[in-house]
Amino acid sequence: MLLTIPRFLRAALLALLCAAAVPALAIDYERAFDDPAMQARYEHINRELRCLVCQNQTIADSNATLAQDLRREVREMIAAGKTDDEIRTFMVDRYGDFVLYKPRMTPVNYLLWAAPVLLLLLGTFVGIRFIRKQAAQADTDGPEAGQS
Amino acid sequence: MLKFGLPLALFALLGVFLFVGLQRDPSYVPSPLIGKPAPDFNLPSLQDAAYPVASKELLGRPWVLNVWGTWCGGCRQEHDTLLAIARTNAVPLIGLNWKDDSAAAKEWLRALGNPYSVVASDPEGRVAIDWGVYGAPETFLIGPDGTVLFKHIAPMTMEVWTKEFLPRIQAASAGATSAKG
């Protein structure tokens, strides 16, 4: 099927497809810093912060003007020698915990953090009970046999 | 009975959570600024860049900060409501012109009418970030002591104004006069 397309058309098609993919690469990353360590911090923090206008994207993924502005703030704070924690606090003070993709350990968030463990314990408990019950029913020797 | 009871109860609980979740607006992010001191700003006025708009000068009475831009559809939608609110002279209505073109903003106010006592110009959006603004229009109510009392995220309506803003303005004004007297 593909062979019926003339060679020059195939080349043109390929070029078009490549061109269409270029904007996807162009989000940010004009390098913010020459220093690779600072650049790495910059990219890392950007990937942790939520863009609040486009809620399921980080500010590293989004080119909304708010995301651009927040990247500028991060860049300037890193340049000013602020620590990662200070930058996160700056964002949380203004936008609340929701701005962080990785929620902090605060009393409000304890249940959120504990939920996976609690659900795992609950699941294990239900599972064990179920297996024991099955074993007890399957065992014709007596109801206690499965419990040993 | 118990065999079905527990899964059924869990299912019902999950159903309640999901149902409540459906009623909530995920684009609404509560502001951590409520009850905290309003972030200070000192910005050039939109109408005359030589004339600064400083938040400190507004202390002593309740005031409203409305974040807007000519690029924002919701701002056009709420504009007539803001004009009506301004006519009641309840509180000073301060505009924050957010990431906008000054010429376009001035033209907007000239053509549609100006509800604001004064408009602060924030073309770089730095003050907006300090206030935790993420989507215009947003409207803040600030108390006489400079505390943020309330924030409305969405176009202003008369219903929101009379239900949420006016009672708080009255309470704040009463508090301020009794503290002075």
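**Regarding the overall build of chain A**
When helices and strands are counted, chain A shows 5 helices and 0 strands. When the elements of chain A are put in sequence order from the N terminus, they spell out α-α-α-α-α. Across the 148 residues that make up chain A, the buried fraction comes to 15%. Considering only residue pairs separated by 6 or more positions, chain A has 36% of its internal contacts joining residues 24 or more positions apart.

**Some details on the overall build of chain B**
Counting its regular elements, chain B contains 5 helices and 7 strands. Each helix and strand of chain B, ordered N terminal to C terminal, gives the series α-β-β-β-α-β-α-β-α-β-β-α. Its C-alpha atoms give chain B principal-axis dimensions of roughly 75 × 45 × 30 Å. Considering only contacts within chain B whose residues lie at least 6 apart along the sequence, 75% involve residues at least 24 apart.

**Topic: the pairing of strand 4 (residues 93-98) of chain B**
Residues and elements named next belong to chain B. When you tally the buried positions in strand 4, you get 6 out of 6 residues, the bulk of the element. Judged by which residues are buried, strand 4 turns out to be covered on both faces: L93, G95 and N97 on one side and I94, L96 and W98 on the other are all buried. Here strand 3 (residues 63-68) pairs with strand 4 via 5 bridges, running parallel. When the bridges of strand 4 are listed, V64 appears paired with L93. Handedness of the strand 3-helix 2 (residues 73-87)-strand 4 crossover: right-handed. Pairing between strand 4 and strand 5 (residues 118-122): 5 bridges, direction parallel. Residue pairing for strand 5: W98 is matched across the bridge by D122. For the crossover that starts at strand 4, traverses helix 3 (residues 102-112) and ends in the parallel strand 5, the hand is right-handed.

**A short note on the packing of helix 2 (residues 36-48) of chain A against helix 3 (residues 65-79) of chain A**
Residues and elements named next belong to chain A. Between helix 2 and helix 3, whose axes approach to 10 Å, the crossing angle comes to 145°. As helix 2 runs across helix 3, the sense of the crossing is right-handed. Residues M38, R41, Y42, I45 and N46 of helix 2 touch helix 3, and the partners they reach there are R71, V74, R75 and I78. Considering only residue class, the contact of helix 2 with helix 3 consists of 5 nonpolar, 1 polar and 3 charged.

**Re the pairing of strand 3 of chain B**
In terms of residue burial, strand 3 of chain B counts as a mostly covered element, since 6 of its 6 residues are buried. Across the two faces of strand 3 of chain B the burial is the same, with W63, L65 and V67 of chain B and V64, N66 and W68 of chain B all buried.

**Brief notes about the sheet that holds strand 5 of chain B**
Either a parallel or an antiparallel arrangement is found when strands of a sheet pair, and the pairing is made through backbone hydrogen bonds. Residues and elements named next belong to chain B. Strand order in this open sheet of 5 strands is 5-4-3-6-7, and the pairing throughout is mixed. Of all the strands in the sheet, just strand 5 and strand 7 (148-153) have a single pairing partner and so form its edges. Strand-to-strand twist in this sheet, taken as the mean axis angle between neighbours without regard to direction, amounts to 20°. With 5 bridges joining them, strand 3 and strand 6 (residues 138-142) adopt antiparallel strand pairing. Opposite V64, over in strand 6, you have L141 as the bridge partner.

**Re the confidence of the model for chain B**
Taken as a whole, chain B shows an average pLDDT of 92; of its residues, 96% reach a score of 70 or greater. Interface predicted TM-score (ipTM) for the complex: 0.83; the corresponding pTM is 0.78.

**Here's the deal with unusual backbone geometry**
Excluding glycine, residues mostly carry a negative phi; peptide bonds, for their part, are mostly trans. All names here are of chain B. A136 connects to P137 through a cis peptide bond whose omega is -5°. For P137, the position within the fold is in the loop between helix 4 (126-130) and strand 6. The phi torsion at N89 lies on the positive side, around 55°, for a residue other than glycine. Counting through the fold element by element, N89 comes out in the loop between helix 2 and strand 4. Judged by local crowding, N89 falls into the exposed class, with 9 C-beta atoms found within 10 Å. Positive phi is not limited to glycine here, since K99 has a value of about 45°. Assignment of secondary structure puts K99 in the loop between strand 4 and helix 3. Residue K99 is classed as partly exposed on the basis of its 19 C-beta neighbours within 10 Å.

Rules used throughout
Residues numbered from 1 in each chain as written. Chains lettered and ligands numbered in written order. Predicted model: local features only at pLDDT ≥ 70, side-chain atom pairs only at ≥ 80, totals over all residues. Helix = DSSP H or I, 4+ residues; strand = E, 2+ residues; numbered from the N terminus. Buried ≥ 20, exposed ≤ 12 C-beta atoms within 10 Å, placed from the backbone. Contact = placed C-beta atoms within 7 Å. Pairing = 2+ DSSP bridges. Right-handed = clockwise from strand over helix to strand, strands pointing away. Axes fitted to C-alpha atoms, helices over the stretch in contact; angles between N-to-C directions. Left-handed = near helix turned anticlockwise from the far one by under 90°. Nonpolar A, V, L, I, M, F, W, Y, C, P; charged D, E, K, R; others polar. pLDDT = per-residue confidence, 0-100.

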